[in-house]
Structures are given as C-alpha cells and as structure tokens.
Amino acid sequence: MQTMLLWLVTVGALAVFARRFWLRLAPLSRARAANRTDQPMERLTGALADIGLHRRLLRFTWSGVLHFMIFTSFLVLSTAILQAFGSGLFPGFSLAVIGGDTWIALLQDIFALLMLIGLAMAAWQRFVRKPARFVGSKTGDATLIYLLAGGIVLTMLLEFATAIVMSGAPHAWRPVSTVLSHLLIGTGMTAQSASTAHLVFFWLHILIILTFLIYIPGSKHRHMMLAAFNLYFRPLTPKGQLPPPPTKLAEADTGTVETYQDFTWKDLLDTLSCTECGRCQSVCPAYAAGAPLSPKSLIMDLRDGLLTHEGVIDGDAHLPIIGGAISQETLWSCTTCRACMEVCPVHIEHVPKIVQLRRTMVEDGALEPMLQTAMTNFQSQGNSFGKPAKQRARWTKDLSFKPKDARNEPVDILWFVGDFASFDTRAQELTRMVAELLHKAGVDFGILYDGERNSGNDVRRVGDEGLFELLAQQNIDTLAGCTFNRIMTTDPHSLNALKSEYPALGANYDVMHYAQLLLDLIKAGKLTPRTDAGLTVTYHDPCYLGRYNGGFDAPRDLMAALGHTLKEMPRNRENSFCCGAGGGRIWMDDVVFKERPSENRIKEALELGEITHFVVSCPKDVVMYTAAIQNLGVGDRLAVRDLAELVTLSVA
Amino acid sequence: MKIVVIQRLEPVLTEELELSDDGRDIDREWIGFALNQFDDQALEQAVLLKESNGATVTAIAIEDEGSDKMLKNALARGADAAFQIPLDADDVESRSSRALAPLYAAAIRTLAPDLVLVGILSNSDLYGELAPYLGAHTGWPQISAVTEVRLAAGKATVRQEYAGGRAARFEVDTPVIIGLQTAMQPPRYVAGSKLRDLLKVQIPELEVDGAPSADMSHGTTLALPDQSAGAVMFDGDADDIATSIHNLLKEKGFVQ
C-alpha cells in the first residue's frame, strides 16, 4: 500500500516537475542558433574546474564558503535521497552493501550538519548582513528554498534518530543522529512511539523533497539543473571579441533582436541560469553611479519577459523587449567594462546581450543626440571628433623629427595611434612623449597618417555593426599595404580591436601595448631611467587592457623599473573599476550618472592616503580622470600621470 | 508624388581655417567637407513625406569630391534614387548658387517632381538664394524659411517662420520649390549596415541640358577673425578672484 502510494506521488511529482521545466526550456528550441559545441574537452574541464573548485564563487568568501558547504552536502546527501526513494519504491533496496550503514552513514550525518550550518550562514547573509547586491533579488524565493532545504535535512536526521530510538542502541556511524535520538528519548519518546514518528518523518522527508522538486523549475534554484550546462556552453572566443549579429535566416530578416526568439538559445539559457546572486550588480560601474542599469535586473527582466511572453507567468505577453521589458536608458548605460561577466559564477554573458539590443536600436535609428553626432562623425570623417582625416597626424608637427609613413616604407613597429591620442589636446602631449621616447631609443617605427581610421572597437559596442565593419575593413586594407613586424598602440580600445576583433575578419597581427614596449626598451638598455626619484603611486587598470586582454603586469613592471612604489587600490586587476568611458559612453550625456564612475574611482585612490599620483595607461583615462580630479577639486592632493609621462621624466 | 531633394557638401568651418593665396576664399586643400545641415533637414523632411504620403524621393548633387558618398548616405536614409550632375571642375570658376542654379534647374526639369526641397542656407548660400533662383529658372512657385510641409493632391501646405515666434501657413500649388529651415523631426541616424550594403553601389550621373551661369559679383578680400586679445584667466582663491574681477569692472567703468 505504502509502496503504491509512494510510486503514485513520486511519478506524479516528476511529471509536474518535467512539465514545469519544459515550459521554461521550450523557447530555447525556437531560438536562434549559437555555435557552442566545439572543443568539448576544453568545455568540460573548464566547467568541472569551475564547479569543483568554486573558482569564481570563492572570490566572495562568505558566500563562496557557504555555497561550497551546501553544494558538497547536497552531493553527499543525494545518497540519502537515493536510499529513501530506493527503499520505498523497491522494497529490499539498500545502500548497506556498499557502506550505507557505515562510512556513507557517517558522511551523511556530518554533511547534514554542514548543510544546516551552510543554510544558517546563507540566511544570516540574506537577512542580517544584507549585502547591497541582493537589492532587486527575490527574497521570498530564497527564503522558501532555505526552508525546504532545511526541512529535507531535518526530517532526514529525525528519521535516522527515530530509527535509533527504535533499535534501542546508539548507531556507531551516525553521531549526529545518535545525539538527536538522546534528545528525543529525553522528551519521552519510546521505541513504540518512535516507530510512528519514523513513518511520519519518512513521509515528510519524501514530501518535502518532492515539493522542492516541483518548486525548482520556477525558482532561481533552477541553477541546480542549468548552471553546469551554462558553464559548459560558455564562450571560448577571445574575451574582446563580441559575437556577431545573428545570421540572417531570410532576406527579410533584419538580423536584429525584436522578440525573445531572436536571441540565441544560449542567451535564453543565460537568463534561466541566473541565481540572482547580484555579484554582477556589486561590481557594475553604471549601477554604482546610479544609472538605470543593474546587470542582474537586466537578466532577471529578460527572463521574466521571456516567461511572460511564453505565458508561463502572468503579465503582458506582447510587451516589447526594448522600451518594454528593458528601457533604452538601461541599454545605453552600459560601459561594456565586462566586470559583470568576469564575476558571474555561472558565466552569464551580459554585455553581448546589451550590445545585441543596442544593434536593434541603432538599426531603428534610435540614438541619443550626443551619440548620434559622434556616430555621424565616424561615418563622415572616420573619427569621433569630426575632424578631417588630414588632421589626424597634426600632433606630429611639433616633434623633433618626422615619423615614418608606414604606408610608404617598411617599419619594425607600426604605431596605431587611435582617435583620442591623435585628436585630444591633452592626450596629444602624451602621444608626442611616446614618439620622442621611441625616437630616442632608436625604434624603427611609423604611423599611418591620414590612412588610419578609428579602430571601431567602441563603435561596435555602441551597436553599429555595419559601421564597425566599414572602419575595420578600411584599417585592414590600409595595413595590408604596409610592411611591419608588430603593431603598437597606447590605446587599449584600439588594442582590443586589433588583437581580438580583427581576427574574426581574417586579419591577424602581433599587437602590443606601449607599456610593454617601453618596458622592453628599458630592459634592453635602450632607455635608461633614473630610479632615485621614486614616487608613491596607484595604478588604474584600463578595462580593455586588463580585464579584456590580460595586460596587468607590464604597466606594474614598468613602474617598478622606474623606481616607483605602487600602492594598489582595493579594486585592481580583474576587479578594476571602469572609468565610465567605455562602450561609447564617452560620447553620451553623463546625466544618467548621479556620481560619475571616474569620480568614484578617484575617491577610492584618495582613501589610500599617501599616494601623490594616479597612474593611467589609456588616453581616455587621462581625459576622464583629469576631469574627475578637477570636478572633485582635489588637484592639490592627486595628479594624473600617464606611463609615458613617468618614463619621459625618468629618462630625461 | 515625386520629391527631389538637393544635397550640398560644404566646408567644415569648425576647423582651423587658412586663406587661399589670393585672399578671396578659404584654402580648401586641408579642410574637410560635410553635408550642409539644412540639406540634411531637407532630406529628412523628404523621407518623412515619403513615409506619410507614399512619395518617391530622388536626391541630387553636383558632382564633386565626396558627393557620391553623400548621395549613398541619402539612399541609406531612405531616398529611392540618387543622381550626380556632372560638372567638369576645370570648366567652372565659381560654385556659387547663382552659378550652379541652371544645372539644378535643368535636373529638376528632367526629373519633373511635384516638390523640390533644398536647405534654406549653406556656407556658400548665405542669403538663401538658391531656392529663389530655382523658382526663377523653373517658373514654379517658391517659398523659403519653411518648418513644416504637408502634401495633398496638387497642393502643399507649408508653415513659414518669422522672427519672434510668429509664423504663417501657406497653401501652394505643386510643383513647388521649398527652402527648408527644419524638418518636422530631427534627422535620423542611419546604421552603418545600410551604408555598408551600399558600398558597391554606383551613383549614376544625370546628364542635363544646361551650363553654369556667370557670377554677377565676387568677393574681393576675406579676413580671418582678429584673435589678438584672448581671455584673461584669474588665479588664486575666491577672494583674490573676486577682487580681480571687481578691479577690472572698475577699470572698464562698469562699476563705480
């Protein structure tokens, strides 16, 4: 009778679970294709390492540790679930033959305790410590999960404990349950009443497990089932290479994202895998600045929009994505700094989705006015400043020599100067310093003069794919007519395009940042710095040099070679905090920011106390942080220094 | 319904300018050229009318360095056709509105539109003379300083703007030539993908029966703005700066 009943509720619950899961996964089968099945070994080992070592989770210590406790406990306790259902559904089934009553029992007892501690830590975190990253997450869902998971473990322990009371002797391999059984005996439980209680706890255990199972598909706890797949299907292309727009399926297909089915299945899987942990939100410069963007809310809103569209949850099924589920301001707020993607434990790809939706807005001509001016300048002049190409190399006029025209003669190093370094008056001074340093060190280099166009890095991130391709192709064609060994640039954005984006267009170059070149020149004795005038400085990692292309060490080694003492800001290297200029934000109105990210960053540097200089290695950073220091009125305490200035002062 | 819209390139004057050797023009060798912003408005208005009335839009330009790119941009923005009017640069002494008006007029006669839209002004059309010249050449009605255009069968209703926020509404028979001040919506952004798709498109030439006119006047000298006196920057704390400003105002006689 009991076996029949158990079969009935188990099969029934599994059927409801499967249906609830399928309702949410079905849209993936109708979404666009994404090529995420290559390199299976690389995918598998990476996913297993991420799960097994909790690599990203442990960056947030408290949460990482508690998740590790709950996760490992879940794995161990699944043996108890197997035992419970196995013995109930198939009378006679037992794990005892492989140690179910000995070492497995011991592990179950220990990990049950660990699970309860882990859950208590999670509840403490959510209800007492309340980190800001949980703002916007669904607390009710999380609470219910704690209760269900705690209920499963408690009923299991009580089931074991009542069995011990029934047997009348302590269980040598179940210390926790034995202690619990003594407590039960203390409350007056007899072997006979224990028998009834045992049955009750068995059924409670079963029912809570099945309730949990049914609940999971509609909860953030879906990640138990989906996170591993999301990790497996993560992008393996270079970090700095955005996925292209979807392939047009038909002539009339615009290749833009209007509805949820226009996303790839991986994009939709991302939204379903989100755990609402808010790590992305806690590192997002736009969110910190008060802009209407939280990467977490973006993913949650897309998920809820998808499920509403599918009729799985209540709401307006015809709400558009842009201007409906997600506002235009939200999409334009992103600096594409990649901090969210770097920190996400389940490797959700926020930035490509934002860019994909921006592409749709660009295709519709829906740009904010300032951005439209900059983009129109790119179209007409090939740079955001709207300056004639002929003036691109005007900064060379005051040099002590004339740089080679790499289009006319072979050079060792082709210097791709970039827009800001070419046209911005403050950055031009630094560009000239770099030129003089290279000249002094006898480097055989040349520039493209008016043949250079903006690399298109940020144009692509604004969402104008066609314009990016036009700019990139012009540069690739120009470079194809030049003879050189390596490309050097001071601009991390250009570096990213040349190094990570152009290979997708069939152009591969050996690209280096000027920090590396200057360091090499010092090491080779071509430049001899004085090291007796060391400063105490801090250093800002530019997103497109550091997080995107791993260029963390050369700038630091260079500063050390010049005798400076580096004091790191709390947010450094992979965890660097964006200046707010990336992703085209530098051409947009910054009224969306209540506190500009650059000013937030300067305050972080000021808190270090003893530093005098804020060192940067990106022309945009020079502009952004000089303005931030002026706005904060702290010019007497801190000065921006580009690496080029440091080297120039040191070798003069 | 057929609309012709005229597109003109003009020098970008926000850059540092140099004078030509004869001192009668700016040196065009190092300067960039861009679409005249009023012609940009005219194009947008033409496309808006196309969208509301189902018209076809033809963009025309005098052939010059960069004119084909400008016309491709017009196609990307929504023009249905574009033509360059050939002009041998060696043959033409001036590119003033008076000089070029016969060529535009000949093109308009060939295309036989119901409506011609042209920006009210440009750097080389400071008095807005092109639209009246075209009216004179074609014998069609002409109206300038227009900020709104609506079309009905055989008629156009336009709003002409005056100083002080006043405006008048006119109804004119088509075909008509309109000097447009602003379109009813700001010019839209054209995605690079549309430009990319037009990369290999050749803008055809429109052979017209006409020759440039001679100018009746010409500039004798052109001078760059006098930049001898720049701004004065005051240093110091707020009190010092306030004192300096006060002293300066006293010195200039603005305060006692």
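Some remarks on the overall build of chain B
So, point 1. Helices and strands together make up the secondary structure of chain B, namely 6 helices and 10 strands.
So, point 2. In chain B, which comprises 256 residues, the proportion classed as buried is 37%.
So, point 3. Once local pairs closer than 6 in sequence are excluded, the contacts in chain B between residues at least 24 apart make up 71%.

Topic: the interface of chain B and chain A
So, point 1. Listed as interface residues are 15 residues of chain B and, on the opposing side, 19 residues of chain A.
So, point 2. Residue contributions to the side of chain B that touches chain A peak at 5 residues, all from helix α5 (residues 192-197) of chain B.
So, point 3. Among the residues forming the side of chain B that touches chain A, the class breakdown is 8 nonpolar, 3 polar and 4 charged.

Some words on the domain arrangement of chain A
Reports often express the size of an interface as the amount of accessible area lost when the parts come together.
So, point 1. Taken domain by domain, chain A consists of domain 1 (2-232), domain 2 (260-363), domain 3 (381-521) and domain 4 (525-651).
So, point 2. For domain 1 of chain A and domain 3 of chain A, the distance between their C-alpha centroids amounts to 56 Å.

Some thoughts on the confidence of the model for chain B
The predicted coordinates ought not to be read in detail in places where the model reports low pLDDT.
So, point 1. Taken as a whole, chain B shows an average pLDDT of 91; of its residues, 98% reach a score of 70 or greater.
So, point 2. Overall fold confidence for the complex sits at a pTM of 0.90, while the interface term, ipTM, reaches 0.75.

Topic: the nonpolar core
So, point 1. Ranked by internal contacts, the top residues of the largest apolar core, which has 196 residues, are A:Leu518, A:Tyr625, B:Val5, B:Ala59, B:Leu117, B:Leu134 and B:Ile178.
So, point 2. Here this core takes 8 residues from helix α3 (residues 97-111) of chain B, the largest share from any one element.
So, point 3. Non-local contacts of B:Ala59, meaning those with residues more than four positions away in its chain, are made with B:Val5, B:Gln7, B:Leu43, B:Leu71, B:Ala74, B:Ala79 and B:Ala82.
So, point 4. Listed in part, the 28 residues of the second largest apolar core include A:Phe111, A:Ala122, A:Leu158 and A:Phe201.

Side note on the environment of A:Phe385
Residues and elements named next belong to chain A.
So, point 1. Among the structural elements, Phe385 can be located in the loop between α16 (369-381) and β1 (404-405).
So, point 2. When the C-alpha positions of Phe385 and Asp267 are compared, they lie 35 Å apart, and in sequence the two are 118 residues distant.
So, point 3. The contacts of Phe385, once residues within four sequence positions are left out, are Asn377, Asp419 and Phe423.

Quick notes on the packing of helix α2 (residues 40-53) of chain A against helix α8 (residues 223-232) of chain A
Residue and element names in this part refer to chain A.
So, point 1. Between α2 and α8, the shortest axis-to-axis distance is 8 Å and the interhelical angle comes to 135°. Here α2 lies oblique to α8, going by the angle between them. Once α2 is placed against α8, the crossing between them reads as right-handed. Residue-level inspection shows Arg43, Leu44, Ala47, Asp50 and Ile51 of α2 in contact with α8, the latter providing Ala228, Leu231 and Tyr232.
So, point 2. Taken together, the residues that form the contact of α2 with α8 break down as 6 nonpolar, no polar and 2 charged.

Notes on helix α26 (residues 643-651) of chain A
So, point 1. Within the span of α26(A), buried status applies to A:Leu643, A:Ala644, A:Leu646, A:Val647, A:Thr648 and A:Ser650.
So, point 2. Contacts made by the buried residues of α26(A) are with α18 (425-440), α22 (514-523), α23 (553-561), β8 (613-616) and β9 (639-642) of chain A.

Regarding the sheet that holds strand β7 (residues 565-566) of chain A
Residues and elements named next belong to chain A.
So, point 1. The strand order across the open sheet formed by 4 strands is β7-β6-β8-β9, and the pairing between neighbours is parallel. With one partner strand each, in any of the chains shown, β7 and β9 form the two edges of the open sheet.
So, point 2. In this structure, strand β6 (residues 536-539) lies alongside β8, joined through 3 bridges in parallel fashion. In the sheet register, Thr538 faces β8, and the bridge partner there is Phe614.
So, point 3. Where α23 meets the sheet, its contacts fall on β6, β7 and β8, and the angle it forms with β6 comes to roughly 170°.
So, point 4. Strands in contact with helix α25 (residues 619-632) are β8 and β9; relative to β9, the strand with the most contacts, it is inclined by about 170°.

Considering the sheet that holds strand β4 (residues 486-489) of chain A
All names here are of chain A.
So, point 1. Taken in spatial order, the 5 strands line up as β1-β3-β2-β4-β5 in an open sheet, and their pairing is parallel. The open sheet has two free edges, formed respectively by β1 and β5 (511-513), since each of these has just one partner strand.
So, point 2. Looking at chain direction, strand β2 (residues 413-415) and strand β3 (residues 445-447) are connected through 3 bridges and run parallel. Among the inter-strand pairings, Leu414 is bridged to a residue of β3, identified as Gly446.
So, point 3. Sitting on the sheet, helix α21 (residues 492-501) is in contact with β4 and β5, with an inclination near 160° to β5.

Examining the pairing of strand β4 (residues 56-62) of chain B
So, point 1. Counting buried positions over the 7 residues of β4(B) gives 6, a clear majority of the element.
So, point 2. The parallel pair β4(B) and strand β5 (residues 81-85) of chain B, bridged by helix α2 (residues 67-77) of chain B, forms a crossover whose chirality is right-handed.

Focus on the pairing of strand β9 (residues 167-173) of chain B
All names here are of chain B.
So, point 1. Counting buried positions over the 7 residues of β9 gives 0, only a small fraction of the element.
So, point 2. For strand β8 (residues 155-161) and β9, the ladder comprises 7 bridges, and the chain directions are antiparallel. Across the sheet, Gln160 pairs through a bridge with Ala168, a residue of β9.
So, point 3. Here β8 hands over to β9 after 5 residues, with Gly164 in that stretch at a positive phi of 75°.

Scoring rules and cut-offs
Residues numbered from 1 in each chain as written. Chains lettered and ligands numbered in written order. Predicted model: local features only at pLDDT ≥ 70, side-chain atom pairs only at ≥ 80, totals over all residues. Helix = DSSP H or I, 4+ residues; strand = E, 2+ residues; numbered from the N terminus. Buried ≥ 20, exposed ≤ 12 C-beta atoms within 10 Å, placed from the backbone. Contact = placed C-beta atoms within 7 Å. Nonpolar A, V, L, I, M, F, W, Y, C, P; charged D, E, K, R; others polar. Domains from an automatic or database assignment. pLDDT = per-residue confidence, 0-100. Core = buried A, V, L, I, M, F, W, Y, C linked by C-beta atoms within 7 Å. Axes fitted to C-alpha atoms, helices over the stretch in contact; angles between N-to-C directions. Parallel < 35°, antiparallel > 145°, perpendicular 65-115°, else oblique. Left-handed = near helix turned anticlockwise from the far one by under 90°. Pairing = 2+ DSSP bridges. Right-handed = clockwise from strand over helix to strand, strands pointing away.

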